[in-house]
Amino acid sequence: MPDIESLLKETRVFKPAKEFSRQANWNKKTTAEYRKLGDKNPERFWAKMAKENVSWFAPWKKTLQWKPPFAKWFVGGKLNVSYNCLDRHIEGENAWRRNKAAIIWEGEPGDSRTLTYGELHREVCKFANVLKGLGVKKGERVALYMPMVPELAIAMLACTRIGAPHSIVFGGFSAEALRDRINDAGAKVVITSDGGFRRGAPFELKPAVDEACEGADCVDHVVVVKRTGEETAMKAGRDQWWHELMEGASANCKPARLDAEHPLFILYTSGTTGSPKGILHTTGGYLTHVTTTAKAIFDLKETDTYWCTADIGWITGHSYVVYGILANGATTFMYEGVPTHPGPDRFWEMIDRWKVTIFYTAPTAIRTFIRLGDEHPKRHDLSSLRLLGSVGEPINPEAWMWYHRVIGNKRCPIVDTWWQTETGGIMITPLPGAVDTKPGSGTLAFPGIHATILDEEGKEVAAPNGGLLAITRPWPGMLRGIWGDPKRYRETYWSKWKDIYFPSDGAHKDKSSYFWIMGRIDDVMNISGHRIGTMEVESAIVSHADVAEAAVVGRPDEITGTAIVAFVTPKSGVDAGSALADKVRKQVTREIGAIAKPKEIRFTDALPKTRSGKIMRRLLRDIAAGKEGIGDTSTLEDFSVLAKIRESDED
Ligand code: WT7
């Protein structure tokens, strides 16, 4: 995690190029106007954005109803997300867009598909009818557990068309994790595929769905997309093939007229304690937020080919692979596989071949590319690129400079965008035609977003001191709650200060009031831009029969930002060693998924605890980061001496 000292030394400033500003959707002048309006009257600003960027079946009566911590935006307004992403681009004066590419998709083996707006509309209508045929009613939940294939976007949009909230579970999660999420949301239908391609080989998904459904009684139907063609078991009466259902489906399906606050989707994310939280987003505010930010921050133009490398299973994919991009009538590029197959230049080769103009990725990917060597991007013509974005974790200035120099050829503005699953859309970011950038800073809050730095007591922290990032006013894309748990919603986000949102990030501002985000301050780790709770990993580890106790901490990692280190006490009589480490890793993979697998496992005969019995996490973090010397390096490490020295400090 970068410290304030080192960040304060970063003094490089990059001004938007004149040529870029001149053509930008939001130039200096418009941005200044919007900022002024957003500062003074955020509701008026967002109402203006909602009118300009979103199509409504019926206007709202009240822009915001705020009964902290519960917000309703555009109260009484009626709309449909799939209408906004599809129908409005192929009707009336926009009818020409019918034959423009909405989704360009490339599979890892090199196969590709292009769906025009007209074709995507047709597929979405058909699948919406399939869902209806399976008995899915407005308000009923549909779980999606899929690889990056166009059918995932089709299924999402079909859900929104009929008002069935979707719950997408990232394909890297295990059957156990999937089952918990299906049950928590009470999903009636699961949509999946036989599998997908990764690292040059097919992988399976359907068996995990079968396992998850044992113990998920709410599921009536499973729809399976054929992607790999591998042998796949189908359960009679429950499972059906996507292509067979689609064959007979009608392509006529009127978009449901939904309330602005109708639930749009649930997306599970890790927290400090217990099980993952189902973050709830609704229709009108979310769509306004993502459509407006995509247009302003990515400067989306009719002629762009936009590529966000995130998996749709995460919020970035929801907001900026699908909804925010299609709502703008832009072309979104989707890729199925890993960046390094068949070679380390796969991404650059695709940018060159498809002439991608806007590229949005994560710092962990950038750091991986740096390590792979400049020769790979340099072999390809990247001159189609005109804007670069970064998301998911703090970007270190070195990685920013490399991105700027090697990928952007010093011509492309970089937007470092801070936001969260809970915020729905981007909150802190440069505007590429208007805001000077500094490597490593997210710069300023988006117009209409009110962000600041507070201390524990809620007092503003003066620059350049560090404190807690805070959002002081409600915003349209904000989460509306945690599915089925209003108490946890209140406690997690709204209990630190009165009526102020607490994102759990540390940050500071510099002299020009730019934000520098320093990362999570809770027991949540950010691994390659993905959020994993330490508690979740700990409970997965202790669920193994050979383990007595476990504590999990993050330590800085050059590529993934943070790496997971697990301190494990084996049960008496069980040998510590690589065989047990193997079992522990397998257990975590089974319970959560491979993304949560500890990079390092250290065995100890006792975890260091304070007198009151609390695990000394700070000490463990220091040990994991190599800041505390350990004398004894025998198989079972002994932290008791260090614990004694540190005790008063931790209590
Ligand atoms: C956490 C949210 C937002 C989509 C991806 C992650 C960290 C995110 C940045 C950034 C510094 C960032 C924060 C945040 N984060 N973007 N540009 N600079 N930190 O979504 O899984 O909900 O995680 O990611 O710590 O709280 P998420």
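In what follows, the structure referred to is the one given above.
Description of the structure in this document. Per chain, the residues get numbers from 1 upward, laid out in the order the sequence is written. Per-residue local features are limited, in this predicted model, to residues with pLDDT of at least 70; the limit for side-chain atom pairs, both in listing and counting, is 80 or more; totals at the level of whole chains, interfaces and linings are taken over all residues. Note: side-chain values were computed over all heavy atoms of the structure, leaving out hydrogens and water.

Those residues of helix H14 (residues 363-372) not exposed but buried are Pro 363, Thr 364, Ala 365, Ile 366, Arg 367 and Phe 369. By definition in these notes, contact holds between two residues if any of their heavy atoms fall within 4.5 Å. Secondary structure elements follow DSSP: runs of H or I no shorter than four residues count as helices, runs of E no shorter than two count as strands, and numbering proceeds from the N terminus. The secondary structure elements touched by the buried residues of H14 are helix H13 (346-354), strand S18 (358-361), strand S19 (387-391), helix H16 (397-407) and strand S29 (561-570). Only protein chains enter the area calculation, which uses a 1.4 Å probe; residues under 20% of their type maximum are buried, those over 50% are exposed, and those in between are partly exposed.

Looking now at the packing of helix H11 (residues 284-297) against helix H12 (residues 315-326). Running from N to C, H11 and H12 point in directions that differ by 95°, and their axes come no closer than 9 Å. Of the possible angle classes, the one that applies to H11 and H12 is roughly perpendicular. Along the contact surface, H11 presents Tyr 286, Val 290, Thr 291, Thr 293 and Ala 294, while H12 presents His 318, Ser 319, Tyr 320, Tyr 323, Gly 324 and Ile 325. When grouped by side-chain class, the residues that make up the contact of H11 with H12 number six nonpolar, five polar and no charged. Angles here are taken between N-to-C directions and fall from 0 to 180 degrees, while the axes themselves are lines fitted to C-alpha atoms, restricted in helices to the stretch in contact. Roughly parallel here means an angle under 35 degrees, roughly antiparallel means over 145, roughly perpendicular means 65 to 115, and every remaining angle is called oblique. Lys, Arg, Asp and Glu make up the charged group, whereas Ala, Val, Leu, Ile, Met, Phe, Trp, Tyr, Cys and Pro make up the nonpolar group; the residues left over, Gly among them, are polar.

The next thing to look at is the site of the ligand. One heavy atom suffices: a residue is near a molecule or strand as soon as one of its heavy atoms comes within 4 Å of it. Near the ligand you find 18 residues, and of these Asp 416, Thr 417, Thr 421, Asp 505 and Arg 531 are the closest. As used in this structure description, the phrase polar contact means that two N or O atoms lie within 3.5 Å; if the pair is within protein, one of them must be able to donate a hydrogen and the other to accept it, and residues adjacent in sequence are counted only when both atoms belong to side chains. Within the backbone of Glu 393, one N or O atom sits 3.4 Å away from a nitrogen atom of the ligand. Between the ligand and Arg 531 there is a distance of 2.8 Å, counted from an oxygen atom to a side-chain nitrogen or oxygen. Residue assignment for the shell around the ligand shows that the elements contributing at least two residues are H12, strand S20 (414-417) and strand S25 (515-520). For the shell around the ligand, the per-class residue count stands at six nonpolar, seven polar and five charged.

Bringing the pairing of strand S6 (residues 142-145) into the picture now. Residues Val 142 and Leu 144 line one face of S6 and the alternating positions Ala 143 and Tyr 145 line the opposite face, and both faces are buried. In short, DSSP must find at least two bridges between two strands for them to pair. Note that S6 and strand S7 (residues 166-168) share three bridges and pair parallel. Looking across to S7, one finds that Ala 143 is bridged to Ser 167. Once you follow S6 into helix H7 (residues 150-162) and on to S7, the crossover reads as right-handed. Relative to strand S8 (residues 189-193), S6 runs parallel, the two sharing four bridges. Within the sheet, the bridge partner assigned to Ala 143 lies in S8 and is Val 190. Handedness is read with the strands pointing away from the viewer; a crossover is right-handed when the path from the first strand over the helix to the second is clockwise.

Time to look at the sheet that holds S25. Spatial ordering of the open sheet is given by S21-S22-S24-S25, a layout of four strands whose pairing is antiparallel. Taken across any chain shown, the strands that pair with only one partner, and hence form the sheet edges, are strand S21 (451-454) and S25. Direction aside, the axes of adjacent strands within the sheet are offset by 45° on average. The sheet contact formed by S21 and strand S22 (residues 466-471) spans four bridges and is antiparallel. The residue of S22 that forms the bridge with Leu 454 is Leu 468.

Turning our attention to the pattern of salt bridges. In the sections that follow, a salt bridge refers to a side-chain nitrogen of Lys or Arg positioned within 4 Å of a carboxyl oxygen of Asp or Glu. Overall, the coordinates contain 45 salt bridges when judged by the stated rule. For the salt bridge of Lys 378 with Asp 374, the shortest nitrogen-to-oxygen distance reads 3.9 Å. Residue Lys 378 is classed as exposed on the basis of its relative accessible area, which comes to 58%. Its salt-bridge partner being Glu 549, residue Lys 609 comes within 2.4 Å of it at the nearest N-O pair. Taken together, the positions of Lys 609 in the loop between strand S30 (600-603) and helix H20 (617-624) and Glu 549 in strand S28 (residues 547-557) put the pair 60 residues apart, joining distant regions of the chain. Exposure remark for Lys 609: the relative accessible area of 32% places this residue in the partly exposed category. Taken together, the salt bridges that share partners define one network made up of Arg 555, Asp 557, Lys 599, Glu 600 and Arg 602.

By secondary structure assignment, the location of Ser 390 is in strand S19. Judged by its relative accessible area of 0%, Ser 390 falls in the buried class. Once residues within four sequence positions are removed from consideration, Ser 390 is found in contact with Tyr 360, Thr 361, Pro 363, Ile 395, Val 415, Asp 416 and Thr 417.

Within the fold, His 221 resides in strand S11 (residues 221-225). Given a relative accessible area of 18%, His 221 falls into the buried group. From its side chain, His 221 meets the backbone oxygen of Leu 134 in a polar contact 3.5 Å long.

Two elements in contact, helix H5 (residues 81-90) and H7, have axes separated by 7 Å at closest approach and are oriented at 115°. Considering how the two elements wind past one another, H5 and H7 form a crossing that is left-handed. On H7, the residues touching Val 81, Ser 82, Tyr 83, Cys 85, Leu 86 and Asp 87 of H5 are Leu 157, Thr 160 and Arg 161. Of the residues contributing to the contact of H5 with H7, the split by class is five nonpolar, two polar and two charged. Note on convention: near helix rotated counterclockwise from far helix by under a right angle means a left-handed crossing. Clockwise means right-handed.

The span expected for a helix works out to 1.5 Å for each residue beyond the first. Its 13 residues give H7 an end-to-end C-alpha distance of 19 Å, which sits within 8% of 18 Å, the value for a rise of 1.5 Å per residue. Judged by how many residues are buried, H7 sits mostly within the fold: 13 of 13 residues are covered. Positive phi appears at Gly 163, one or two residues downstream of H7, with a value of about 80°.

Here the focus is the sheet that holds S30. One open sheet holds the three strands; their spatial order is S28-S29-S30, and the pairing between them is mixed. In the strand order of this sheet, the two ends are held by S28 and S30, each with one partner. Strand after strand, the sheet turns through a mean of 25° between neighbouring axes, direction not considered. With ten bridges connecting them, S28 and S29 associate as antiparallel partners. What sits directly across from Gly 554, in S29, is Ile 564.

Along the polypeptide, Thr 340 turns up in the loop between strand S17 (331-335) and H13. Take Thr 340: its relative accessible area is 34%, and that puts it in the partly exposed class. Distance from Thr 340 to Gly 200, taken between C-alpha atoms, is 9.8 Å for residues 140 residues apart in sequence.

Quick look at unusual backbone geometry now. For the bond from Pro 68 to Pro 69, the omega torsion is 0°, close enough to zero to count as cis. Assignment of secondary structure puts Pro 69 in the loop between strand S1 (62-67) and strand S2 (70-75). Here Ala 463 and Pro 464 are connected by a cis peptide whose omega angle stands at 0°. Topologically, Pro 464 is positioned in the loop between S21 and S22.

The next subject is the packing of aromatic side chains. Each Phe, Tyr or Trp ring, with Trp reduced to its six-membered ring, pairs with another whose centre is within 6.5 Å; inter-plane angles below 30 degrees give stacked pairs, above 60 give edge-to-face pairs, and intermediate values give tilted ones. The final tally for this structure, using the stated rule, is 44 aromatic pairs. Ring geometry for Trp 26 against Phe 446: centres 5.2 Å apart, planes inclined by 25°, an arrangement best described as stacked. Of the two residues, Trp 26 is situated in the loop between helix H2 (18-23) and helix H3 (28-40) and Phe 446 in the loop between S20 and S21; the sequence distance between them amounts to 420 residues. The two residues Trp 26 and Phe 446 agree in class, both being buried. Its end group placed over the ring of Trp 241, Lys 226 keeps NZ or CZ at 4.5 Å from the ring centre. Our definition puts a charge over a ring when NZ of Lys or CZ of Arg is within 6 Å of the ring centre and also within 35 degrees of the ring normal.

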